[in-house]
Amino acid sequence: MKESPRARRLRRHHRRTKNQGKLNLVSLMDIFTILVFFLMVNSSADNQLISDNPEIVLPESTSQQVPDDAPTLIVTDDSVLLNGRLIMTRAALDTNDSAIAAPLSRALAAMEVSEEVGQGVSAGADPGAVAGRPVNILADQALPYAVLRKLMASCTEAGYSAISLAVTQKHPEGA
């Protein structure tokens, strides 16, 4: 029986497509290398997102300094958080007549002790050597200065005297 031209064409077509295509790994390696370099460059960018809390409206500043990687003290309308952990309520902070907030000082001091133990610092180490540790304060721009002063005094009491206030960077008008 004679094969029709259509049947021959289909048989040739099936014979050609029966072999699996091969994956070109050289091209994939080039793509992954470019991707790795892209991620390395973008991970070291100067843009830092300190807080994405919509309740906090940071003040604006033209400062060019970037905050250190330090413990973060977040002050919202109803709470005071240290590295995301609730330390005290804002009502307790406002009603406290003392110049410092004792729960905050204790929490910072406890964090300092746990860091020293983790780093292998001996108990007889010079206490002045750890003075001046950095802390970042994130607070709404409408926070009363008396409350901010109380927070800063509490941080200084616990040995965190390098205090940075988080701001939103704006470009100077002349630039």
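As shown above, the structure is provided for reference.
What comes next is a walk through the structure. (Residues numbered from 1 in each chain as written. Predicted model: local features only at pLDDT ≥ 70, side-chain atom pairs only at ≥ 80, totals over all residues. Heavy atoms only, no water.)

Moving on: the pairing of strand β2 (residues 72-75). Going residue by residue along β2, you find Thr 72 and Ile 74 tucked away on one face and Leu 73 and Val 75 tucked away on the opposite face as well. Judged from the 4 bridges that link them, β2 and strand β5 (residues 134-139) form a sheet pairing that is parallel. Across the sheet, residue Leu 73 finds its bridge partner in β5, namely Ile 137. Here β2 pairs with strand β3 (residues 79-82) via 3 bridges, running antiparallel. (Buried < 20%, exposed > 50% of the residue type's maximum accessible area, 1.4 Å probe, protein only. Helix = DSSP H or I, 4+ residues; strand = E, 2+ residues; numbered from the N terminus. Pairing = 2+ DSSP bridges.)

On to unusual backbone geometry. Of note in the backbone geometry, Asn 83 takes a positive phi value of approximately 55° without being a glycine. Examined against the element boundaries, Asn 83 turns out to sit in the loop between β3 and β4 (85-89). Given a relative accessible area of 45%, Asn 83 falls into the partly exposed group.

Residues Lys 2, Arg 6, Arg 8, Arg 9, Arg 12, Arg 15, Arg 16 and Lys 18 make up a contiguous surface patch of positive charge. Structurally, Arg 16 can be placed in helix α1 (residues 5-18). (Patch = residues over 30% accessible without salt bridge, like charges linked within 9 Å, V, L, I, M, F, W, Y side chains within 5 Å. Areas by Shrake-Rupley, 256 points an atom, 1.4 Å probe, with all protein chains shown as cover. Salt bridge = Lys/Arg side-chain N within 4 Å of Asp/Glu carboxyl O. Lys, Arg positive; Asp, Glu negative; His and termini not counted. Charge placed at Lys NZ, Arg CZ, Asp CG, Glu CD.)

What follows is about the nonpolar core. Leu 73, Leu 108 and Leu 151 are the most contacted members of the largest nonpolar core, which totals 22 residues. Listing elements by their share of this core, those giving two or more residues are β2, β3, β4, α4 (102-119), β5 and α5 (145-157). With near-sequence residues (within four places) excluded, Leu 108 lies in contact with Leu 82, Ser 154, Cys 155, Ala 158 and Tyr 160. Counting residues in hydrophobic clusters, the runner-up holds 5 residues, among them Ile 56, Ile 74, Leu 81 and Leu 138. (Core = buried A, V, L, I, M, F, W, Y, C linked by side-chain atoms within 4.5 Å. Contact = heavy atoms within 4.5 Å.)

Under the counting rule described, the total for this entry stands at 2 salt bridges. Residue Glu 3 pairs with Arg 11 through a salt bridge whose shortest N-O separation is 3.3 Å. For Glu 3, a relative accessible area of 32% corresponds to the partly exposed category. By relative accessible area, which is 44% here, Arg 11 ends up partly exposed. Of the charged contacts, one joins Arg 90 and Asp 94 as a salt bridge, the two residues approaching to 3.4 Å between their closest N and O atoms.

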